[in-house]
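# A look at the structure
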Amino acid sequence: METKKEFMLLFRFEPNFDYQPSQEEMNQMQQEWGAFFENLAGQGKLVSTYQLGFEGTKVAADKSIEHGIYVSDKQTLGGNLIVSVNTIDEATEIAKNCPILNMGGNVEVRSIQPM
């Protein structure tokens, strides 16, 4: 029997501050995310998940502060999910079903270890 490991799925997308989804689109997205998380929880694979807001600051090595969210290559981090599975391949299969992909975003799968 394989020992379960934890992997973090990082959700990235290109923010579009000029576009506001309709209430119907928001409801649809919430249903898709809810079903995705419920499925993982039902399988005992969901450890935790967080959605990130649009308020933030970045502190540089010289202690200077930049206000706003960090955007690199036109993308920002939208949230994360930690799953408990046997292999990175299994975590990657989970990522293939992530609703962020339907929004044009992407998912990075990373192994995690306690500090």
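Just above sits the structure.
What comes next is a walk through the structure. Everything numeric here is computed off the predicted structure, so don't read it as measured data.

Thresholds applied
- Residues numbered from 1 in each chain as written.
- Predicted model: local features only at pLDDT ≥ 70, side-chain atom pairs only at ≥ 80, totals over all residues.
- Heavy atoms only, no water.
- Helix = DSSP H or I, 4+ residues; strand = E, 2+ residues; numbered from the N terminus.
- Buried < 20%, exposed > 50% of the residue type's maximum accessible area, 1.4 Å probe, protein only.
- Arc of directions from axis to C-beta.
- Contact = heavy atoms within 4.5 Å.
- Core = buried A, V, L, I, M, F, W, Y, C linked by side-chain atoms within 4.5 Å.
- Expected span 1.5 Å × (residues − 1).

### Here's the deal with unusual backbone geometry
The backbone of Lys63 shows a phi angle near 75°, a positive value even though the residue is not glycine. Position of Lys63 among the secondary structure elements: in the loop between β3 (57-59) and β4 (65-67). The phi torsion at Asp73 lies on the positive side, around 55°, for a residue other than glycine. The topology assignment puts Asp73 in the loop between β4 and β5 (76-85).

### Details of helix α2 (residues 88-95)
In an α-helix, one turn spans 3.6 residues, which is why side chains three or four residues apart end up on the same side. All buried positions along α2 are accounted for by Ala91, Ile94 and Ala95. The arc that holds the buried residues of α2, viewed along the axis, is 105°, so those residues lie on one side. Of the surrounding secondary structure, the elements contacted by the buried residues of α2 are β1 (5-13), α1 (23-42), β5 and β6 (106-111).

### Some words on the environment of Pro21
Along the chain, Pro21 turns up in the loop between β1 and α1. C-alpha separation for the pair Pro21 and Gln113, spaced 92 residues apart in sequence, amounts to 37 Å. The residues contacting Pro21, other than those within four sequence positions of it, are Met26 and Met29.

### Focus on the nonpolar core
Ranked by internal contacts, the top residues of the largest apolar core, which has 17 residues, are Leu9, Phe11, Val83 and Val107. Elements supplying a minimum of two residues to this core: β1, α1, β5, α2 and β6. Counting residues per element, this core draws most heavily on β1, at 4 residues. In this structure, Phe11 is in contact with Trp33, Thr76, Leu77, Gly78, Gly79, Asn80, Leu81, Cys98, Ile100, Asn106 and Val107, ignoring residues within four places of it in sequence.

### Description of α1
Here α1 is 20 residues long and its end C-alpha atoms lie 28 Å apart, about the 28 Å a rise of 1.5 Å per residue gives. Within the span of α1, buried status applies to Trp33, Phe36 and Leu40. In an axial view of α1, the angular spread of the buried residues amounts to 55°, which keeps them on one side of the axis. In α1, the exposed positions that point more than 90 degrees away from the buried face belong to Gln23, Glu24, Gln30, Gln31, Glu38 and Gly42. Turning to α1, the residues buried within the fold contact β1, β2 (46-51), β5 and α2.

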